[in-house]
Amino acid sequence: MKSFIHEDFLLQTDAARQLYHDHAKKQPIIDYHCHLNPEYIAKDHVFDNLGQIWLEGDHYKWRAMRTNGVEERYCTGKDTSDWEKFEKWSETVPYTMRNPLYHWTHLELKRAFGVDELLSPDTAKEIYDICTGKLRTPEFSARGLMKKFHVEVVCTTDDPTDTLEHHLALKKEGFEIKVLPTWRPDKAMAVENPEEYRAYVEKLSEVSGVAINKFKDFIEALRKRHDFFAGVGCKLSDHGIEEFYAEPYTQAVIDQIFNKVYGGKELTKEEILQFKSAMLFEGAVMDWEKGWTQQFHYGAIRNNNTRLFRQLGPDTGFDSIGDFTVAKAMSRFLDQLDKDNRLAKTIIYNLNPKDNDLVATMIGNFQDGSVAGKIQFGSGWWFLDQKTGMEAQMNSLSNLGLLSRFVGMLTDSRSFLSYPRHEYFRRILCNLIGNDVENGLLPASEMNFLGKMVEDISYRNAKNFL
């Protein structure tokens, strides 16, 4: 019997197999959006064990474990060993069948460690010991894993106040894999809590060297940091937003709002939306001036569980898909920039699949012929980075745009074991196209072009675009 993760995993037709093995498989990885810790790369971190590298910070797994009846101390607890947490994960894995975690788990075991066995309570100790032994060798350090997966570029996610010391160290060293920062100014827009916002503004003032007393000073401080990021090699911004913001405002109104929140007063809902609109616009102009690409991840409702948010903090697995009315605001935001020809290259990621066709049609409104695929519909993100979600995103893009110009996959992960998600995506892509060939929907005589198209989506489009 074949192992579960065999060479033709997810590839259902001869055309799909040809496209994957001859074209997609060999392409390097450009991971242009992730949450890897750059310190781990700079110091070439060696992981203690499989439980640490796999479960630390992985809210995907924590959600599954909680759903399977696992106590919180085995997810995020400080008094529980890595082995105990891994043991509970191994008990959960068989119950994740038909969840993408089942595929990812076994892909990572196979690709990183050469382990073919299915993870279960019966195999947990053997797999844990084998993988932990390998992780303690140089080949499986943070850098070793990146080399193993043929990674060419990674772009981390960094706040404007970050020192970028680890990026600078890697740049000075001349590390062969490019590790670039990404500008993530979400906290600069987070005016819902005046006390926290004032603390952030004061931190920004300190690192930028700009005395911030009014909104103009605030933007000057952000520009200085934007310049600093560019000097370290940054080429991308990223914005985690609930929805697009494009409320009408005047400069006088924004000045008043900044003074109000900086003075410790709560803003009205209208004031919050106006301020976020101004900040989104100002940031987009900065990106356009430098020729950066701007990314917008929208549609999440975060921290739904108040009790566990207070106990555990953000990014611990209590977020979900939101239901927002976004089309008009998205259109106004993009159009506001395009009117003066200041719309940067843009990638838009939706979290609610109902928005697939909306985004796929919206991006067509602002293509201007200057760059192939200037406005991109980003790959299936977060709850959508699984087989059904990826296929739905690519089908919408195919029907309403140009799949051939798509910049492809990213990990959006905190784990150095997540690179097989690129393989997962490539197999799904090749199967989608291969099935069309087999069904006569695409010409078999054009396999050479389709092979190049697969290579472009897997690698070259992102390289050229970014």
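Shown above is the structure to which this text applies.
Described in the following lines is the structure provided in the data block. (Residues numbered from 1 in each chain as written. Predicted model: local features only at pLDDT ≥ 70, side-chain atom pairs only at ≥ 80, totals over all residues. Heavy atoms only, no water.)

**Remarks on the pairing of strand E2 (residues 151–155)**
Stated formally: Buried, partly exposed and exposed residues are distinguished by accessible area as a fraction of the type maximum, computed with a 1.4 Å probe on protein chains only: under 20%, between the cut-offs, and over 50%, respectively. Only DSSP runs of H or I reaching four residues or more are called helices, and only runs of E reaching two or more are called strands; each is numbered from the N terminus. Following DSSP output, two strands are said to pair if at least two bridges run between them.
For E2, the tally of buried residues reaches four of five residues, placing the bulk of the element in the interior. One ladder, built from three bridges, connects strand E1 (residues 29–31) with E2; its direction is parallel. Along E2, the bridge assignment pairs isoleucine 30 with valine 153. In the sheet, E2 pairs with strand E3 (residues 178–180) via three bridges, with the strands oriented parallel. Residue valine 153 lies in a different strand from E3, and its bridge partner there is lysine 178.

**Points about the sheet that holds E2**
Selection criterion: Only the stretch in contact is used when fitting a helix axis, every axis being a line fitted to C-alpha atoms; angles between N-to-C directions are given from 0 to 180 degrees.
As summarised here, the arrangement of the three strands in space is E1-E2-E3, forming an open sheet in which the pairing is parallel. The two strands at the open ends of the sheet, each matched to only one other strand, are E1 and E3. On average, adjacent strands in this sheet sit at an angle of 5° to one another, irrespective of strand direction.

**Concerning the pattern of salt bridges**
Rule in force here: Any Lys or Arg side-chain nitrogen located within 4 Å of an Asp or Glu carboxyl oxygen qualifies as a salt bridge.
Counted according to the given criterion, the structure contains 32 salt bridges. When the shortest N-O distance is used, the salt bridge between glutamate 139 and lysine 148 registers 3.4 Å. A salt bridge links aspartate 355 to lysine 354; its shortest N-O distance comes to 2.9 Å. With a relative accessible area of 46%, lysine 354 lands in the partly exposed category. Within the structure, one salt-bridge network assembled from shared partners comprises Lys452, Glu455, Asp456 and Arg460.

**Some words on the packing of helix H11 (residues 215–231) against helix H13 (residues 269–290)**
Packed helix pairs are characterised by how far apart their axes lie and by the angle those axes make with each other. This is how the line gets drawn: Crossings are sorted by hand: turned counterclockwise from the far helix by less than a right angle, the near helix makes the crossing left-handed, and turned clockwise it makes it right-handed. Two residues qualify as a contact provided that any one of their heavy atoms is within 4.5 Å of a heavy atom in the partner residue. Residues are grouped as follows: Ala, Val, Leu, Ile, Met, Phe, Trp, Tyr, Cys and Pro are nonpolar; Asp, Glu, Lys and Arg are charged; all remaining types, including Gly, are polar.
At a minimum axis distance of 11 Å, the contact between H11 and H13 shows a crossing angle of 35°. You can see that H11 and H13 cross each other, and the crossing is right-handed. Between H11 and H13, the contacting residues are Phe215, Phe218, Ile219, Leu222, Arg223, His226, Asp227 and Ala230 on the first element and Phe275, Met279, Glu282, Val285, Met286, Asp287, Glu289 and Lys290 on the second. The class makeup of the residues in the contact of H11 with H13 is nine nonpolar, one polar and six charged.

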